[in-house]
Amino acid sequence: MTSHETGPPSPDAVSVVAPQLRALRRRADLTLEAAARAAGLSPAHLSRLETGRRQPSLPMLLSLARVYGTTVSELLGETAADRDAVVRADAMEPTFAGGWTYWQAGGAGRGMQALRVHVPHGSQGDIVRVHPGEEWLHVLRGRLRLRLGDTVHRLGPGDSAHFDSLTPHRIVAQDADGVVLLFVHTLLQSPATALCLGPATTPAHPTLGETP
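For clarity, every value in this text was computed on a predicted model and none was experimentally measured.

Caption draft 1: A look at the packing of aromatic side chains. Applying the stated rule across the entire model yields zero aromatic pairs. A cation sits over an aromatic face here: Arg-116 above Trp-103, 4.4 Å from the ring centre.

Caption draft 2: Region of interest: the sheet that holds strand E5 (residues 144-148). Taken in spatial order, the three strands line up as E6-E5-E8 in an open sheet, and their pairing is antiparallel. Each edge of the open sheet is held by one strand with a lone partner, namely strand E6 (151-155) and strand E8 (169-173). Taking each pair of neighbouring strands and ignoring which way they run, the sheet shows an average axis angle of 20°. For E5 and E8, the ladder comprises five bridges, and the chain directions are antiparallel.

Caption draft 3: View of helix H2 (residues 32-39). For H2, the buried fraction is high: six of the eight residues fall into the buried class. All of the buried residues along H2 are Leu-32, Ala-34, Ala-35, Ala-36, Ala-38 and Ala-39. Directly after H2, the chain includes Gly-40, whose backbone phi takes a positive value near 80°.

Caption draft 4: Unusual backbone geometry, seen in detail. At Asp-29, a residue that is not glycine, the phi angle is positive and equals roughly 60°. Within the fold, Asp-29 resides in the loop between helix H1 (11-27) and H2.

Caption draft 5: Seen up close, the environment of Asp-159. Tracing the backbone through its elements, the reader meets Asp-159 in the loop between E6 and strand E7 (160-164). Owing to a relative accessible area of 35%, Asp-159 belongs among the partly exposed residues under this scheme. Along the sequence, Asp-159 and Leu-181 sit 22 residues apart, while their C-alpha atoms lie 9.8 Å from each other. At 2.8 Å, the side chain of Asp-159 forms a polar contact with the backbone nitrogen of Gly-156.

About the cut-offs
- Residues numbered from 1 in each chain as written.
- Predicted model: local features only at pLDDT ≥ 70, side-chain atom pairs only at ≥ 80, totals over all residues.
- Heavy atoms only, no water.
- Phe/Tyr/Trp six-rings, centres within 6.5 Å; stacked < 30°, edge-to-face > 60°.
- Lys NZ or Arg CZ within 6 Å of the ring centre and 35° of its normal.
- Pairing = 2+ DSSP bridges.
- Helix = DSSP H or I, 4+ residues; strand = E, 2+ residues; numbered from the N terminus.
- Axes fitted to C-alpha atoms, helices over the stretch in contact; angles between N-to-C directions.
- Buried < 20%, exposed > 50% of the residue type's maximum accessible area, 1.4 Å probe, protein only.
- Polar contact = N/O pair within 3.5 Å; in protein donor to acceptor, adjacent residues only side chain to side chain.

Written out as structure tokens, the structure reads:
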């Protein structure tokens, strides 16, 4: 299995993601305020991401990918591979974002995005709001705590969860070496139609990255 060492994105990756975020938002015909609201971020925070003054974490990238109907790879400016039904293990290059490590486990241009993810122990401190769609995760190694709304679930190797993404949610790796999981989420195909969510939830709501 690929090493699960984590680290920050390279300077080149950070320099690519800022203009890419702005370009994809404009392609989706969303204002800064509308996109930030749909992703559960403040407009000021999204503006800092788009200007390269703030480094995005993987949870943030996942949230923005849903809003823009794209993949994390495209947000990072990675070249899309040919649309193949099979993804070989040696083709899964690790990408680092905000302490998380992920490997693309599915093809590009699909209605779902599949990832293998290493979540480090402890709080990541980044808020992922509720959003349209569904999520499925399966624990490969380690233990995690999953909070859905007001209910807390503890999952170990072999356990899975499948839930509506409009349910406020957050996960926490409970082991010192983190947790490795398979993660699948749906992408929004018409992002401009998904902005009637009401006010963004407050940080008191469950989010990815809760402190154990």
